[in-house]
Amino acid sequence: MSLDELYQELLLDHFKHPRCQGVLINPSAKSALRNPLCGDEVQLALTVKDGKISEIAFAGHGCSISQASASMMSDFLKGKSVAEAQTALASFRSLMKGEEGVDTDSLGDAAALAGVRKFSARIRCALLAWEALDACLAQSDKK
Ligand code: ZN
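Report follows, based on the coordinates. (Residues numbered from 1 in each chain as written. Predicted model: local features only at pLDDT ≥ 70, side-chain atom pairs only at ≥ 80, totals over all residues. Heavy atoms only, no water.)

1. Topic: the packing of aromatic side chains
The description of two aromatic rings rests on the distance between their centres and on the angle between their planes. The cut-off we apply is this: Planes of paired rings set the category: under 30 degrees apart is stacked, over 60 is edge-to-face and the rest tilted, where pairs are Phe, Tyr or Trp rings (Trp by its six-membered ring) whose centres lie within 6.5 Å. A helix here means a DSSP run of H or I that spans at least four residues, while a strand means a run of E at least two residues long, and both kinds are numbered starting from the N terminus. Only protein chains enter the calculation, and the probe is 1.4 Å; a residue is then buried if its accessible area is under 20% of its type maximum, exposed if over 50%, and partly exposed in between. Think of it as a cone above the ring: NZ of Lys or CZ of Arg counts as a charge over the ring if it is within 6 Å of the ring centre and within 35 degrees of the ring normal.
For the coordinates displayed, the defined rule picks out 1 aromatic pair. Between F92 and W130, the ring centres sit 4.5 Å apart and the planes meet at 10°, which makes this aromatic pair stacked. Taken together, the residues span a long stretch of sequence, with F92 in helix 3 (residues 82-97) and W130 in helix 4 (residues 120-141) at a distance of 38 residues. For F92, a relative accessible area of 0% translates into the label buried. Looking at K80, its charged tip hangs above the ring of F76, at a distance of 4.2 Å from the centre.

In structure tokens form, the structure reads like this:
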């Protein structure tokens, strides 16, 4: 199995069996974003406790890339520190820009989305959940 095929399987697995899907009661922060170009929607909520993301959940619908990206991101960030989440966010943005030397270890399964950068119309799909994360981290910062 090639790396591309492996990544494709991982993406479909997250799309068909999304991790961390649901709604949180009284989260520290929440954000709902849309990608009108593709019709994707992601609602992300998280709770920060002692500098760590103790709970994270998403809901939404749209293409496989947008939903798999939300699942990969949420699954990876659960239990991680806010600093690690910010590092992952920066790495993922670099990955989508096609920058060299991105630390993919800081991304978990989301590193499998590297191939998306070849399809510029789909980059917005992959980034949607991460932009929601950015908004959530900014909100929980202020508390
Ligand atoms: Zn999409």
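Resuming the write-up.
2. As for helix 2 (residues 64-77)
Quick note on the threshold: Take the number of residues in a helix, subtract one, and multiply by 1.5 Å to get its expected span. Residue contacts are defined here by distance: any two heavy atoms, one from each residue, within 4.5 Å place the two residues in contact.
Between the first and last C-alpha of helix 2 there are 20 Å, a value that for 14 residues agrees with the 20 Å anticipated at 1.5 Å per step. What helix 2 keeps buried is the set I65, S66, Q67, A68, S69, A70, S71, M72, M73, S74, F76 and L77. Here the buried face of helix 2 lies against helix 1 (3-16), strand 2 (40-49), strand 3 (52-61), helix 3 and helix 4. Two residues or fewer past helix 2, G79 is found with a positive phi of approximately 85°.

3. A closer look at unusual backbone geometry
A negative phi holds for most residues other than glycine; trans holds for most peptide bonds. Within the chain, C20 stands out as a residue other than glycine whose phi angle is a positive 60°. Residue position: C20 is located in the loop between helix 1 and strand 1 (29-35). Positive phi is not limited to glycine here, since D50 has a value of about 50°. Among the secondary structure elements, D50 is positioned in the loop between strand 2 and strand 3. Given the relative accessible area of 80%, D50 is considered exposed.

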